[in-house]
Amino acid sequence: QQLIMMLKFLLALSIAWLVASKSYYYPTADTWATSTDTSLFDDQKIQDTIDFVGQKNTTAFIIVHKGKIVEETYWSDWTQETNYPIYSSSKSVTAVLIGIAIEDGLLTLDDTVSSILGDGWSGADIDKESVITISDLMTMQSGLSDSVGLKYLNDAQTKWNYNTKAYYVLGDVIETLTGSHDNYTKTKIRDVIGMDHSYWDEIGILKGTKTLIASARDMARFGLLVLSDGVWDGTRVVSSDYLTLATTSSQSFNPSYGYLFWLNGKESYMLPKSVSKPGSFIPEAPDDMIACLGYEDKKIYIVPSLDLVVVRHGDSADESALAGSNFDGDIWSHLGGAFPIAETTSYDYNTEEEEESIIDTSNNIDVTSASSYESSEDGDIEDSGMRFCVGIAIVCALIQL
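Structure report, in brief. In this numbering scheme, every chain counts its residues from 1 along its sequence in written order. Totals for whole chains, interfaces and linings use all residues, but because this is a predicted model, local features are given only for residues with pLDDT of at least 70 and pairs of side-chain atoms are given and counted only at 80 or more. For side-chain calculations, the full set of non-hydrogen atoms in the structure is used, while hydrogens and water are omitted.

**Examining the side chain of Thr133**
- Among the secondary structure elements, Thr133 is positioned in the loop between helix H5 (126-129) and helix H6 (134-138).
- Contact definition: two residues touch when any of their heavy atoms are within 4.5 Å. Sequence-distant contacts of Thr133, defined by excluding residues within four places in its chain, comprise Leu109, Asp110, Asp111, Thr112 and Val113. Strands here mean DSSP runs of E at least two residues long; helices mean DSSP runs of H or I at least four residues long; both are numbered from the N terminus.

Quick look at the structure:
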């Protein structure tokens, strides 16, 4: 038992060192630095990408490398402040909100929805409804119909079915637990990372449901938060353990789906209203890419191995799609190869035992203090002190072991 505890301790310290070795710039409310060092990227590939997306109903396109803006282009009279619904890209923001609520002790992923909202929140019989959990809603395994009334189709956790109507119930959960979905988002995410042009609003698809209204820069800020492992300029916003779980395959039916995040580079994928297909769902993109995908080709791409966030706002490039579309591959066929592989590549540090501990929110590794960063004046993480402390701690742990 002591050996296992010590190994977990060493693992947590190793995670902290890996995260600390990432050096990111964080924008302030008024200033977002740009990166003009063309030795860090292929300027021609980026220009080719801009030329391409500009012909595809794009209103905003931003590329962020290590936190600094490499490219930011607007069309159709859009500006940095222009905001618009991002549709299902909002799901990933909700995923982070749920993670924060777990840290606040408001719920667990294993809680049943009925334990929070009471009976009758769906159209399923009580015996079927009562076993549906928060996790089931987030991983698209509720077994309910994607229609008004949320009728019973199959038992929970027996099929994967992209279900936005069932997802909306998570908004009711957050509202019930916090008193205000809007204020909780504002306090826990928006005000912390500077998403000043974002708010939840009804869009008429289903009465009482909300999507996030956001500017392209707000989308990029959220992408940077995920890229930096849930930390924003020294402030831990969401648990590292939880964020890792959320961006890991959540079930076997569709390995390319986590907890309201899309995952590239898996053995198979299933898009909304489609069937399972072999291979990565965006083969032109890096395998470690995490994506927040919405209707009308709203996109936030997060690529840890490239220290990269890419945002696209606008109308549908071609035919409308609920999440992924052919446009994803088209973007990456132009943008691919524009950035070198980062020195510190992506990593997967949760064992099966640790993932189980996250799900029941008990006995999980706490790396919050070890992952808190001190920032230098230009906003980059100052990690030399962290590395020294981690090194000393590892030596002491090895001696004790």
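Structure's up, so let's keep going.
**Quick notes on a negative patch on the surface**
- Note that patches include only residues with greater than 30% relative accessible area and no salt bridge, and the join distances are 9 Å for like charges and 5 Å for nonpolar side chains (Val, Leu, Ile, Met, Phe, Trp, Tyr). Accessible surface area values rest on a Shrake-Rupley calculation with a 1.4 Å probe, where residue burial reflects the displayed protein chains alone. What counts as a salt bridge is simple: a side-chain nitrogen of Lys or Arg found within 4 Å of a carboxyl oxygen of Asp or Glu. The positive count covers Lys and Arg only, the negative count covers Asp and Glu only, and His and the chain ends enter neither. A single reference atom marks each charge: NZ on Lys, CZ on Arg, CG on Asp, CD on Glu. Residues Asp42, Asp43, Asp48 and Asp51 make up a contiguous surface patch of negative charge.
- When you line up the elements, Asp48 lands in helix H2 (residues 43-53).
- Residue class for Asp48 comes out partly exposed when judged on its relative accessible area of 33%. Buried residues are those whose accessible area, probed at 1.4 Å on protein chains only, stays under 20% of the maximum for their type, while exposed residues exceed 50% and partly exposed ones sit between those limits.

**Quick look at the environment of Leu40**
- Following the sequence through the fold, Leu40 ends up in the loop between helix H1 (2-20) and H2.
- Owing to a relative accessible area of 34%, Leu40 belongs among the partly exposed residues under this scheme.
- Expressed as a C-alpha distance, the spacing of Leu40 and Val70, which sit 30 residues apart in the sequence, is 9.8 Å.
- Here Leu40 is in contact with Ser35, His65, Ala338, Phe339 and Pro340, once residues within four sequence places are set aside.

**Re the sheet that holds strand E12 (residues 298-303)**
- The pairing criterion is simple: DSSP has to find at least two bridges between the two strands. Strands sit in the order E2-E1-E13-E12-E11-E8 across an open sheet of 6 strands; the sheet is antiparallel. Only two strands of the sheet have a single neighbouring strand rather than two, namely strand E2 (68-74) and strand E8 (262-263).
- With 5 bridges joining them, strand E11 (residues 290-294) and E12 adopt antiparallel strand pairing. Bridging from a neighbouring strand, Ala291 pairs with Tyr301 of E12.
- Every angle, taken between N-to-C directions, lies between 0 and 180 degrees, and every axis is a line fitted to C-alpha atoms, over only the stretch in contact when it is a helix. Strands in contact with helix H10 (residues 216-227) are strand E1 (58-65), E2, E11, E12 and strand E13 (308-314); relative to E13, the strand with the most contacts, it is inclined by about 150°.

**Concerning helix H8 (residues 169-178)**
- If you check which residues of H8 are buried, you get Val169, Leu170, Gly171, Val173 and Ile174.
- Here the buried face of H8 lies against helix H3 (90-103), helix H4 (114-117), H6, helix H7 (164-167) and helix H9 (181-193).
- Downstream of H8 by one or two residues, Gly179 has phi in the positive range, about 90°.

**Examining the sheet that holds strand E4 (residues 199-202)**
- What the 3 strands build is an open sheet, ordered E3-E5-E4; its pairing is antiparallel. Each edge of the open sheet carries a strand with a single partner, namely strand E3 (83-85) and E4. Put simply, the sheet's adjacent strands are angled 35° from each other on average, direction ignored.
- Relative to strand E5 (residues 210-215), E3 is paired through 3 bridges, and the arrangement is antiparallel. For Tyr84, the partnering residue across the bridge sits in E5 and is Ala214.

**Observations regarding empty space enclosed by the protein**
- Definitions used throughout: a 1 Å grid over protein atoms alone; a cavity as a set of points that fits a 1.4 Å probe which cannot get out; a pocket as an open set with protein on both sides within 12 Å along at least five of seven lines; a lining residue as one with an atom within 4 Å of a point. Grid points are joined across faces, edges and corners, and a volume is the space filled by probe spheres set on the points. Per the stated rule, a full pass over the model turns up 2 cavities of 30 Å³ or more.
- Reported here for the largest cavity is a volume of approximately 50 Å³.
- Taken together, Met140, Gln141, Ser142, Gly143, Leu144, Asn154, Lys159, Trp160, Asn161 and Asn163 form the lining of the largest cavity.
- Note that Gly is not counted as nonpolar here; it falls among the polar residues with everything else outside the nonpolar set of Ala, Val, Leu, Ile, Met, Phe, Trp, Tyr, Cys and Pro and the charged set of Asp, Glu, Lys and Arg. Its residues placed into classes, the lining of the largest cavity shows 3 nonpolar, 6 polar and 1 charged.
- In this model, the second largest cavity occupies a volume close to 40 Å³.

**Some thoughts on the environment of Ala317**
- The residue Ala317 is located in the loop between E13 and helix H12 (326-335) in this model.
- Exposure remark for Ala317: the relative accessible area of 9% places this residue in the buried category.
- When the C-alpha positions of Ala317 and Asn57 are compared, they lie 5.5 Å apart, and in sequence the two are 260 residues distant.

**Quick look at the packing of aromatic side chains**
- Ring pairs shown here join Phe, Tyr and Trp side chains whose ring centres sit within 6.5 Å, with only the six-membered ring taken for Trp; geometry is labelled stacked below 30 degrees between planes, edge-to-face above 60, and tilted in between. Summed over the entire model, instances satisfying the criterion amount to 14 aromatic pairs.
- Centre to centre, the rings of Phe52 and Phe327 are 5.9 Å apart; their planes meet at 40°, and the pair counts as tilted. With Phe52 in helix H2 and Phe327 in helix H12, the pair connects residues that are 275 residues apart, well separated along the chain.
- Judged by relative accessible area, Phe327 falls into the buried class, the value being 1%.
- Seen from their ring centres, Tyr162 and Tyr257 are 6.4 Å apart, and the 90° between their planes marks the pair as edge-to-face. Highlighted residues: Tyr162 in the loop between H6 and H7 and Tyr257 in the loop between helix H11 (240-246) and E8, separated in sequence by 95 residues.
- The exposure class of Tyr257 is buried, given its relative accessible area of 1%.
- These aromatic residues form a ring-pair network of at least three members: Trp160, Tyr162, Tyr257, Trp262, Tyr269 and Phe281.

**Here's the deal with the side chain of Ser180**
- As for its placement among the helices and strands, Ser180 is situated in the loop between H8 and H9.
- Taking the relative accessible area as the measure of exposure, Ser180 reaches 15% and is therefore buried.
- A 3.5 Å cut-off defines polar contacts: any pair of N or O atoms within that distance qualifies, except that in protein one atom must be a possible hydrogen donor and the other a possible acceptor, and neighbouring residues in sequence count only when both atoms are side-chain atoms. Polar side-chain contacts of Ser180 include one of 3.0 Å to the backbone nitrogen of Asn183.

**Considering unusual backbone geometry**
- One non-glycine residue with positive phi stands out, namely Asn57, at about 60°.
- Among the secondary structure elements, Asn57 is positioned in the loop between H2 and E1.
- Even without glycine at this site, Glu296 takes up a positive phi of about 65°.
- Considering the arrangement of structural elements, one finds Glu296 in the loop between E11 and E12.

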